[in-house]
Structures are given as structure tokens and as C-alpha cells.
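# Observations on the three-dimensional arrangement
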Amino acid sequence: QVQLVESGGGLVQAGGSLRLSCAVSGTIFWPNPMGWYRQAPGKGRGLVAVITCGDVTNYADSAKGRFTFSRNNARNPVYLQMNSLKPEDTAVYYCNSQGTLRTYWGQGTQVTVSS
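So, here is what we can say about the structure in this document.

## Here we look at the sheet that holds strand β8 (residues 78-82)
Strands sit in the order β1-β3-β8-β7 across an open sheet of four strands; the sheet is antiparallel. Taken across any chain shown, the strands that pair with only one partner, and hence form the sheet edges, are β1 (3-7) and β7 (67-70). Sheet twist, expressed as the average angle between the axes of neighbouring strands with direction ignored, equals 15 degrees. Judged from the five bridges that link them, strand β3 (residues 18-25) and β8 form a sheet pairing that is antiparallel.

Here's what the structure looks like:
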């Protein structure tokens, strides 16, 4: 059973930073594609950043230059470093992990950026 648990969210002032973590447990092939997504109130879930099997990262335009998606190995969490946060970054952030037959999601962590 694969489980993802996000942490690191919270309340931060505009211009501040947060580092989100996503711990993955269970058996899954590695390196596998993973992603960070977010959902703001009243909006759909949208892509923030993805990392490929070859560890190539791609970012949404809104995240480029401010966010960094990183991972080291299958036993460590993956991270989303978020700098220069803006009020419009306020959302629930989710990580996902693509397995052979399905995609797994965490429960999300709330990020609130005050102006």
C-alpha cells in the first residue's frame, strides 16, 4: 500500500518562504514521475511542478523562478521549496506519485500567504 503524507504548510507573510515535504511509504518503482499540485478555494486542482523519471523538473509559469522541486532517493521525502510567496499562492498543496497502474495522492497541506 503506497501512502503519501505532505507536511510543512502554514501561515506566512508575503515574501516569505516555506518548504513542503512529501513522505512516500510503500513499494513503488523509483525514480518515478511525481508532482506537486495545488487547489485554491473555489478553484480546480492545478499543476505546480513535476519531476520525470529522469529527474527533469518542469514548473507552472506561476512557480518558475520561485519554487524548486527536489528529491534525493527513494527513502527520503521529496520537497517543494517555495520562496517569494504571494497571496495568490494560498491553496492546499498536494503531492502525487505515479505508479505502474495508478497515481497516488496525499491528503494535502494548507499554505496561507497573508498580504
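## Details of the nonpolar core
It is characteristic of soluble globular proteins that their nonpolar side chains tend to be buried jointly. Counting residues in hydrophobic clusters, the biggest one holds 25 residues, and the most contacted among them are Trp36, Val48, Phe67, Phe69, Leu80, Met82 and Tyr93. At the level of secondary structure, the elements contributing two or more residues to this core comprise β3, β4 (34-39), β5 (45-51), β7, β8, β9 (91-98) and β11 (109-114). With residues near it in sequence (within four places) discarded, Leu80 still touches Leu18, Arg19, Leu20, Trp36, Val48, Ala49, Phe67, Thr68, Phe69 and Tyr93.

## Here's the deal with the side chain of Thr90
Note on placement: Thr90 falls in the loop between β8 and β9. The buried category is assigned to Thr90, whose relative accessible area is 18%. A polar side-chain atom of Thr90 sits 2.9 Å from the main-chain carbonyl oxygen of Pro87. At 2.9 Å, the side chain of Thr90 forms a polar contact with the backbone nitrogen of Val113. Residue contacts for Thr90: discarding those within four places in its chain leaves Ala40, Pro41, Gln110, Val111, Thr112 and Val113.

## Side note on the packing of aromatic side chains
The geometry of an aromatic ring pair comes down to the distance between the two centres and the angle between the two planes. Taken as a whole, this structure holds two aromatic pairs when the rule is applied. Positioned over the ring face of Tyr79 is Arg19, at 4.0 Å from the centre of the ring. Its guanidinium or amino end placed over the ring of Trp105, Arg45 lies 4.7 Å from that ring's centre, counting from NZ or CZ.

## Observations concerning the state of the cysteines
Summed over the entire model, instances satisfying the criterion amount to one disulfide. Covalent S-S linkage joins Cys22 and Cys95, the inter-sulfur distance amounting to 1.8 Å. Looking along the S-S bond of the Cys22-Cys95 disulfide, the torsion reads about 45 degrees, which is the right-handed sense. Of this pair, Cys22 sits in strand β3 while Cys95 sits in strand β9, placing them 73 residues apart in sequence. The two residues Cys22 and Cys95 agree in class, both being buried.

## Remarks on the pairing of β5
Each regular strand carries side chains that alternate between the two faces of the sheet. As defined by bridge partners, β4 adjoins β5 across six bridges and the pair is classed as antiparallel. What sits directly across from Tyr37, in β5, is Leu47. In sequence, β4 turns back onto β5 through a hairpin of five residues, with Gly42 there showing a positive phi of about 80 degrees. Sheet topology note: the β5/strand β6 (residues 57-59) ladder contains three bridges and is antiparallel. Directly across from Val50, in β6, lies its bridge partner Asn58.

Analysis parameters
Residues numbered from 1 in each chain as written. Predicted model: local features only at pLDDT ≥ 70, side-chain atom pairs only at ≥ 80, totals over all residues. Heavy atoms only, no water. Pairing = 2+ DSSP bridges. Helix = DSSP H or I, 4+ residues; strand = E, 2+ residues; numbered from the N terminus. Axes fitted to C-alpha atoms, helices over the stretch in contact; angles between N-to-C directions. Core = buried A, V, L, I, M, F, W, Y, C linked by side-chain atoms within 4.5 Å. Buried < 20%, exposed > 50% of the residue type's maximum accessible area, 1.4 Å probe, protein only. Contact = heavy atoms within 4.5 Å. Polar contact = N/O pair within 3.5 Å; in protein donor to acceptor, adjacent residues only side chain to side chain. Phe/Tyr/Trp six-rings, centres within 6.5 Å; stacked < 30°, edge-to-face > 60°. Lys NZ or Arg CZ within 6 Å of the ring centre and 35° of its normal. Disulfide = S-S within 2.5 Å.

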